[in-house]
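Structural overview for review
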Amino acid sequence: MEIEIDGKVAQVPDGSTIMDAAQQLGAYIPHFCYHKKLSIAANCRMCLVQVEKAPKPLPACATPVTNGMKVFTHSELAVTAQKGVMEFLLINHPLDCPICDQGGECQLQDLAVGYGGSASRFQEGKRVVFHKDVGPLISMQEMARCIHCTRCVRFGQEIAGVMELGMANRNMHAEIMTFVGRSIDSELSGNMIDLCPVGALTSKPFRYSARSWELSRRKSVSPHDSIGANLALQIKNNVVMRVLPRENEEVNECWISDKERFSYEALNSPARLTRPMIRVDGALREVEWNVALDYVAHALKDIAASHGGESLAALASPHATLEELYLLQKLIRGLGSGSVDFRPRRRDFSADGKLGGTPWLGLRLAEIKDLDAALVIGSFLRKDHPLFAQRLRQLGKKWGKVSLLSVSADDPLIKLHTQLTVSPADLPAALAKIVKAAAQLKSEAVPEGLESVAPCASSQAIASSLIEGEKGAIFLGNVAEQHPQAAQLHALANELSRLTGASCGFIGEAANSVGGYIAKALPTALNAHQMFAQPRQAYLLHGVEPELDCHDPQQALAALKQAALVVMLTPFADGAAAEYADVLLPIAPFTETSGTFVNCEGRVQSFNGVVRPLGDARPGWKVLRVLGTLLAVPGFDYDSSEQVRDEIVPAGKDFVDGLSTQVSAVPCVSWSLTSTPGGLQRVAEVPIYSADPLARRAAALQKTRDALAPSARMCVETLQALAVSDGASVRVRQGSGEAVLMAKADATVPAGCVRVAAAHVSTAALGEMFGAINVERA
């Protein structure tokens, strides 16, 4: 279609609106309710323009282009209409710009300068809207400022997948509110703050902290989940005051999760470790850096000399930077040990050494929208991967058939094709049923070892959706990676991929779940589970809190307490570290250091520090470099983190090479496809705001519903079998540990299972994330 706007001609696709054409030409049309990612509401009327031969001004956001259309955005008719709309919008708007948190970045404020009158003709009293408490993250204290653009309402319906806000009443009595006084609990809710064009929805943690013109804006990358969302950090006086999304259509579009938005509060929390500490006479005491580093270097050297290099072990967090992971494994190997890993929550390592490349997503994030079918295996999708779930949500709203095979029937707020929920022990068998159903539908030989498997209706529906679609994808989530039979799930997913032609990949748990493989932070001796099952003399822990981050925290703590030396490189001094750590070295979080994250699609994203390190904290790569030098390990003469990165990934590379999800053939006859008979099974999710050290210490996030203390959740049948009532106290035992929790009825939990969250202090005494568990009345 050809359209002329203010004398400029553009060619636009059929179905485009005048607003789309104007953006293509770079012509600005004032608007409030329009947003490129949301449906068209056309209720603010600020974008009225003159269209040739039309009897009255038309809204640019809702008027489709016709061939040869002529539009005038700044004609007398258009400007008069826009000024009239602005006058109506300002009738009830309070005159509180000087005290409004949106001041300086307010669309209404900006447009009022160009389209508002110098004085108001409205002499009656303005309406009053009472404030509403909707939770610890979003402030709705001044809803009299609301102009009813409904962006927040549409965001909930269309992007977050849950309508938490709605408009009640009509005309001047209309109000945006939650349903029956509920709080806003979506993991993407903070995006409503960005979408609000006025100061009606503002950030509670940021409220009255700073003005927009006082803040410096710096680019960064999220250290949390595997998407690698692009961030804009706003700084004042060397303090991160606010975190906003930085638009990148290929990665996070224009959204970020609440974990990424609000976890900055931990950066300056009282828990920050600002000086090195060494255990002296049973207590941790502050020392200078040279004392701490000399102590660590001599202790590691002495233990290696006395007990051999393999008496040392190193465990890193997958949230660490690529450079830190690389230097850590280089240091520990230089001391003669191959016991290094970055996967603390994994249990099954039998696929190590059999991978044909680096495990990744299997396709680019931007390609998800073009899929015809997708299967997610083993994931608490909404909470594990909020932005990934959002992409699948958009796919399900169109033509894509999204299916979910997992250990809980949580609502992912996605229009699902099929949802199959089984116990953790039955997960491999359920996937095997889908594989066999696919083989039968394709008229191929049933894979050896699956002859006795009987596909059900759900498994046939999932297999059929993957076969019928031209482009399909199979994604293995966090539960699949942390499962005791992770390698079998991987092999079965590969077989399903071969039969259906769908891609196969891992969503990934953390910012460097792919980067850890690139950095070669992988064991040639003991893996993350074995280094605690077979206790070592010395442990070097980088950014990991074993009591919360390990698959079996009970076992990890026992090993650490018997060790001769435990060195922790950490930004924080609180937690259980005081019980077992001999040395605490303060390293900088992602805002205070430069580094690189490789996201789940293999995208290399480097970033710089945006503020100076707090106190005497130092970037982790620098601490490791100095330790390497003190221990005379060759190859530690780096001057910058960029030098380290370029040694791992060639300079200028946007994506890493050698990505693969293939695993060499595992004999089908060795597959264990039967569940363990009898007893209760534990289902352990990692709560969204307990997944990493920053989120755990963000005050506002810890006040949300998602941060409530764990309970023992069971279906009604399981509660009745245990003779336990809903809301009663129960004693949960696993291994030698126990916890007293509240029992709750939860229909999403499979029969014979107890859902008890991991990564929380109240459940840290328990054992493995998936396995046998005992429950009795307290």
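Residues numbered from 1 in each chain as written. Predicted model: local features only at pLDDT ≥ 70, side-chain atom pairs only at ≥ 80, totals over all residues. Heavy atoms only, no water.

**Here we look at the layout of surface pockets**
Note the cut-off: Residues are said to line a cavity or pocket when one of their atoms sits within 4 Å of a point; the points come from a 1 Å grid over protein atoms alone, cavities being sets where a 1.4 Å probe fits but cannot get out and pockets being open sets with protein on both sides within 12 Å along at least five of seven lines. Grid points are joined across faces, edges and corners, and a volume is the space filled by probe spheres set on the points. In this text, helices come from DSSP runs of H or I with a minimum length of four residues, and strands from runs of E with a minimum of two, each type numbered from the N-terminal end. Residue ranges labeled as domains rest on an automatic or database domain assignment.
Space inside the largest pocket adds up to approximately 1,200 Å³. Lining the largest pocket we find 41 residues, and of these Arg382, Lys383, Arg705, Asp706 and Arg713 sit closest to its centre. Those elements that place two or more of their residues in the lining of the largest pocket are helix H9 (381–384), strand S19 (401–406) and strand S31 (737–745). It is H9 that contributes the most residues to the lining of the largest pocket, four residues altogether. Inspection of the lining of the largest pocket shows a minimum of three residues originating in each of domain 3 (365–506) and domain 4 (677–777). If you trace the second largest pocket, you find 32 residues lining it, with Ile193, Asp194, Leu195, Cys196 and Leu244 closest to the centre. Every element with two or more residues in the lining of the second largest pocket is listed here: helix H5 (191–195), strand S10 (202–203), strand S13 (239–245) and helix H6 (258–262).

**Quick word on the nonpolar core**
Short version of the rule: Each nonpolar core is a collection of buried residues, namely Ala, Val, Leu, Ile, Met, Phe, Trp, Tyr and Cys, held together in the definition by side-chain atoms within 4.5 Å. Residue burial is assigned from relative accessible area. The probe radius is 1.4 Å, only protein chains are included, and a residue is buried under 20% of its type maximum, exposed over 50%, and partly exposed in between. Contacts are residue-level and defined by heavy atoms, with any inter-residue pair within 4.5 Å sufficient.
By size, the foremost hydrophobic cluster in this structure holds 94 residues, and its most contacted members are Phe388, Leu392 and Phe475. Leucine 392 has contacts with Ile368, Ala374, Val376, Leu381, Val402, Ile414 and Phe475, leaving out every residue within four places of it along the chain. Counting 53 residues, the second-largest nonpolar core is a separate cluster that includes Leu300, Phe342, Leu540 and Leu627.

**Remarks on the domain arrangement of the protein**
To keep things clear, this is the line we draw: Buried area is calculated as the accessible area (1.4 Å probe) missing from two parts once they are joined, with the contributions of both summed. A side-chain nitrogen of Lys or Arg and a carboxyl oxygen of Asp or Glu constitute a salt bridge if their distance falls within 4 Å. Here a polar contact means two N or O atoms within 3.5 Å. Within protein one must be a hydrogen donor candidate and the other an acceptor candidate, and residues neighboring in sequence count only if both atoms are side-chain atoms. Put simply, Ala, Val, Leu, Ile, Met, Phe, Trp, Tyr, Cys and Pro go in the nonpolar bin, Asp, Glu, Lys and Arg in the charged bin, and everything else, Gly too, in the polar bin.
Examined at the domain level, the protein breaks down into domain 1 (1–91), domain 2 (277–352 + 513–647), domain 3 (365–506) and domain 4 (677–777). In total, about 1,500 Å² of surface goes out of reach between domain 2 and domain 4, with carbon and sulfur atoms giving 54% of it. For the domain 2 face of the interface with domain 4, the top three residues by lost area are Leu548, His551 and Gln554, together amounting to 38%. Taken together, domain 2 and domain 4 are joined by five salt bridges. The partner of aspartate 549 in a salt bridge is arginine 696, and the shortest N-O contact between them spans 2.3 Å. Our count for the contact surface shared by domain 2 and domain 4 stands at nine residue pairs in polar contact (both at pLDDT 80 or more). Listed by contribution, the elements that provide at least two residues to the side of domain 2 that touches domain 4 are helix H17 (546–549) and helix H18 (553–562). Residue composition of the side of domain 2 that touches domain 4, by class: four nonpolar, five polar and seven charged.

**Concerning the UniProt feature "domain: 4Fe-4S His(Cys)3-ligated-type" (unreviewed entry) in the protein**
For the record, the criterion: UniProt positions are given in the numbering used here, feature names are shortened, and annotations may be inferred rather than shown by experiment.
Taking the numbering used here, the UniProt-annotated feature "domain: 4Fe-4S His(Cys)3-ligated-type" (unreviewed entry) corresponds to residues 77–116. Overall, residues 77–116 shows 60% helix and 0% strand. The separation of its end C-alpha atoms is 16 Å.

**Digging into the pattern of salt bridges**
By the definition in use, this model includes 47 salt bridges. A salt bridge links arginine 498 to glutamate 495; the shortest N-O distance between them is 2.6 Å. Note that arginine 498 and glutamate 495 are positioned in helix H14 (residues 486–500) at a spacing of three residues, about one turn of the helix. A relative accessible area of 18% means that glutamate 495 is categorised as buried. Taken together, the shared-partner salt bridges connect Arg345, Glu509, Glu545, Asp549, Asp574, Arg696 and Arg697 into one network.

**Some points on the UniProt feature "domain: 4Fe-4S Mo/W bis-MGD-type" (unreviewed entry) in the protein**
Annotation from UniProt places "domain: 4Fe-4S Mo/W bis-MGD-type" (unreviewed entry) at residues 215–271. In residues 215–271, the share of helix is 9% and the share of strand is 35%. The end C-alpha atoms are 25 Å apart.

**Considerations on the sheet that holds strand S3 (residues 48–51)**
Put simply, the rule reads: Two strands pair if DSSP finds at least two bridges between them. Angles run from 0 to 180 degrees between N-to-C directions of axes, and those axes are lines fitted to C-alpha atoms, restricted for helices to the stretch in contact.
Read across the sheet, five strands follow the order S2-S1-S5-S3-S4 without closing on themselves; strand pairing throughout is mixed. Both edges of this open sheet fall to strand S2 (8–11) and strand S4 (58–59), since each of them pairs with a single strand only. Here three bridges tie strand S1 (residues 2–5) to strand S5 (residues 69–72), and the two strands are oriented parallel to one another. Paired with isoleucine 3 across the two strands is methionine 69, which belongs to S5. Across the face of the sheet, helix H1 (residues 18–25) comes into contact with S1, S2, S3 and S5 while running at roughly 70 degrees to S1. Seen against the sheet, helix H2 (residues 76–91) touches S3 and S5 and runs at an angle of roughly 160 degrees to S3.

**Brief notes about empty space enclosed by the protein**
Enumeration over the complete set of coordinates arrives at 11 cavities of 30 Å³ or more. Lining the largest cavity are 19 residues, and of these His319, Ala320, Pro571, Pro589 and Phe590 lie nearest its centre. Partitioning the lining of the largest cavity into residue classes produces 11 nonpolar, six polar and two charged. Counting residues domain by domain, the lining of the largest cavity receives three or more from each of domain 2 (277–352 + 513–647) and domain 4 (677–777). The calculated volume of the second largest cavity comes to roughly 200 Å³. Contributing to the lining of the second largest cavity are 19 residues, with Arg343, Arg346, Glu481, Glu509 and Ser513 lying nearest its centre. Among the residues forming the lining of the second largest cavity, the class breakdown is 11 nonpolar, three polar and five charged. Counting contributing residues, the lining of the second largest cavity receives three or more from each of domain 2 (277–352 + 513–647) and domain 3 (365–506).

**Quick word on helix H10 (residues 386–397)**
Along an α-helix, residues three or four positions apart point the same way, because every turn accommodates 3.6 residues. Selection criterion: Helix span, as expected, comes to 1.5 Å for every residue beyond the first.
For H10, which comprises 12 residues, the first-to-last C-alpha distance of 17 Å matches the rise-based estimate of 16 Å (1.5 Å per residue) to within 8%. Within H10, 11 of the 12 residues are buried, leaving the element largely enclosed by the surrounding structure. In the core, the buried residues of H10 are packed alongside helix H4 (151–160), H6, strand S18 (373–377), H9, S19 and strand S21 (472–476).

**Here's the deal with H18**
Convention followed: By arc we mean the arc of the directions from the helix axis to the C-beta atoms, nothing more.
Taken as a whole, H18 has its buried residues at Pro553, Ala556, Leu557, Ala559 and Leu560. Taken end-on, H18 shows its buried residues confined to a sector of 165 degrees, consistent with a single buried face. If you follow the buried residues of H18, they end up packed against helix H16 (530–533), strand S23 (538–542), H17, strand S24 (565–570) and helix H19 (577–580).

**Section: the packing of H4 against H10**
Our working rule: Orientation categories follow fixed angle ranges, with anything under 35 degrees roughly parallel, anything over 145 roughly antiparallel, 65 to 115 roughly perpendicular, and all other angles oblique.
Contact geometry for H4 and H10: axes closest at 9 Å, N-to-C directions at 85 degrees. It follows that H4 is roughly perpendicular to H10 by the angle criterion. Contacts between H4 and H10 involve Glu158, Ile159 and Ala160 from the former and Gln390, Arg393, Gln394 and Lys397 from the latter. For the contact of H4 with H10, the per-class residue count stands at two nonpolar, two polar and three charged.

**Some details on the sheet that holds S10**
Sheets are built from strands that pair by backbone hydrogen bonding, the pairs being arranged parallel or antiparallel. With antiparallel pairing, three strands are arranged side by side in an open sheet as S6-S7-S10. Only two strands of the sheet have a single neighbouring strand rather than two, namely strand S6 (132–133) and S10. Pairing geometry for S6 and strand S7 (residues 138–140), over two bridges, is antiparallel. Residue pairing for S7: lysine 132 is matched across the bridge by methionine 140.

**Let's talk about the environment of isoleucine 184**
On the secondary structure map, isoleucine 184 appears in the loop between strand S9 (175–178) and H5. When its relative accessible area of 8% is taken as the criterion, isoleucine 184 is described as buried. Considered as a pair, isoleucine 184 and glycine 135 are 49 residues apart in the sequence and their alpha carbons are 6.1 Å apart. Setting aside its immediate chain neighbours within four residues, isoleucine 184 contacts Val134, Ile138, Glu164, Leu165, Thr178, Ser189 and Met192.

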